Amino acid sequence: ADIITRPTLVYFGYTFCPDVCPMDVAVMGQAASILDEGGRKINTAFVTIDPARDNVETVAEFTDAMHPEMVGLTGTDEQIAAAAKAYKVYYQKAESDDPEYYLMDHSAFIYLMAPEQGFLQVYRHGEAPEAVAESVGCFVDALGA
């Protein structure tokens, strides 16, 4: 409720991700910038699925690189599991011999949420920022946000 105060793009991932997460989170940041240039303000939020490595500082550094107003969220394993369950996000630590160097298997969706409506739309990995911005802009206009 504190984050979704207007239409908000939400992504669950982790900062150590070698490819998918940085690409998708960059799309969110670029879409937010495109919309902002057109006078439409949205929120963006990144939720880690790897709280063991993604502390507050690490998440903040990651989100700051993606968009200056992106919110980064971390928490306990239980808090992350509850948030992921609410969004129906799949994630699991991949097998690794090194306890510090491992990957996370996870779903890769950007969720569009709104304060009164809840879930509005999902965007799949690989969508262009311009396409996401256009779609989100339609929702922003329809909601009068």
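Preceding this section is the structure that the text describes.
Let me begin by describing the structure that accompanies this report.

Rules used throughout
Residues numbered from 1 in each chain as written. Predicted model: local features only at pLDDT ≥ 70, side-chain atom pairs only at ≥ 80, totals over all residues. Heavy atoms only, no water. Core = buried A, V, L, I, M, F, W, Y, C linked by side-chain atoms within 4.5 Å. Buried < 20%, exposed > 50% of the residue type's maximum accessible area, 1.4 Å probe, protein only. Helix = DSSP H or I, 4+ residues; strand = E, 2+ residues; numbered from the N terminus. Phe/Tyr/Trp six-rings, centres within 6.5 Å; stacked < 30°, edge-to-face > 60°. Pairing = 2+ DSSP bridges. Axes fitted to C-alpha atoms, helices over the stretch in contact; angles between N-to-C directions. Contact = heavy atoms within 4.5 Å. Right-handed = clockwise from strand over helix to strand, strands pointing away. Patch = residues over 30% accessible without salt bridge, like charges linked within 9 Å, V, L, I, M, F, W, Y side chains within 5 Å. Areas by Shrake-Rupley, 256 points an atom, 1.4 Å probe, with all protein chains shown as cover. Salt bridge = Lys/Arg side-chain N within 4 Å of Asp/Glu carboxyl O. Lys, Arg positive; Asp, Glu negative; His and termini not counted. Charge placed at Lys NZ, Arg CZ, Asp CG, Glu CD.

Once that is clear, we can look at the nonpolar core. When a protein is soluble and globular, its nonpolar side chains tend to lie buried together. Counting residues in hydrophobic clusters, the biggest one holds 39 residues, and the most contacted among them are Leu-9, Tyr-11, Phe-12 and Val-136. Looking at this core, the elements with two or more residues in it are β1 (8-13), α1 (20-37), β2 (43-48), α2 (56-66), α3 (77-87), β6 (109-114), β7 (118-124) and α4 (129-143). With 7 residues, the top contributor of residues to this core is α1.

Turning our attention to the packing of aromatic side chains. Per the counting criterion, the structure on display carries 6 aromatic pairs. For the pair Phe-12 and Tyr-111, a centre-to-centre distance of 6.4 Å together with 90 degrees between the ring planes defines the contact as edge-to-face. Within this pair, whereas Phe-12 is found in strand β1, its partner Tyr-111 is found in strand β6, the two being separated by 99 residues in sequence. Assessed through its relative accessible area of 2%, Phe-12 is described here as buried. On the accessibility criterion, Tyr-111 (7% relative accessible area) is buried. Ring plane angle 85 degrees and centroid distance 5.4 Å describe the contact between Phe-16 and Tyr-101, whose orientation is recorded as edge-to-face. With Phe-16 in the loop between β1 and α1 and Tyr-101 in the loop between β4 (91-93) and β5 (104-106), this residue pair connects regions lying 85 residues apart in the sequence. The exposure class of Phe-16 is partly exposed, given its relative accessible area of 36%. Here Tyr-101 falls in the exposed class, since its relative accessible area comes to 52%. Following the ring pairs from residue to residue traces out a cluster consisting of Phe-12, Tyr-87, Phe-109 and Tyr-111.

So, about the sheet that holds β6. The sheet built from 5 strands is open, its strands ordered β3-β2-β1-β6-β7 with mixed pairing. One side of each edge strand has no neighbouring strand; the edge strands of this open sheet are β3 (71-73) and β7. Taken pair by pair, the neighbouring strands of this sheet meet at an average axis angle of 25 degrees, ignoring direction. In this sheet, β7 lies alongside β6 in antiparallel orientation, the contact comprising 6 bridges. Bridging from a neighbouring strand, Met-113 pairs with Phe-119 of β7. Where α3 meets the sheet, it contacts β1, β2 and β6, and its direction lies at approximately 120 degrees from that of β1.

On to the pairing of β2, then. Side chains on a regular strand alternate between the two faces of the sheet. A large share of β2 lies buried, amounting to 6 of its 6 residues. Residues Asn-43, Ala-45 and Val-47 of β2 are buried on one face, and the alternating residues Thr-44, Phe-46 and Thr-48, pointing to the opposite face, are buried as well. Pairing geometry for β1 and β2, over 6 bridges, is parallel. Paired with Gly-13 across the strands is Thr-48, a residue of β2. Taken together, β1, α1 and β2 constitute a β-α-β crossover, and its handedness is right-handed. In the sheet, β2 pairs with β3 via 3 bridges, with the strands oriented parallel. Paired with Phe-46 across the bridge in β3 is Gly-72.

Taken together, the side chains of Glu-95, Asp-97, Asp-98 and Glu-100 define an acidic patch exposed on the protein surface. Residue placement: Glu-100 occurs in the loop between β4 and β5. By relative accessible area, Glu-100 is classed as exposed at 65%.

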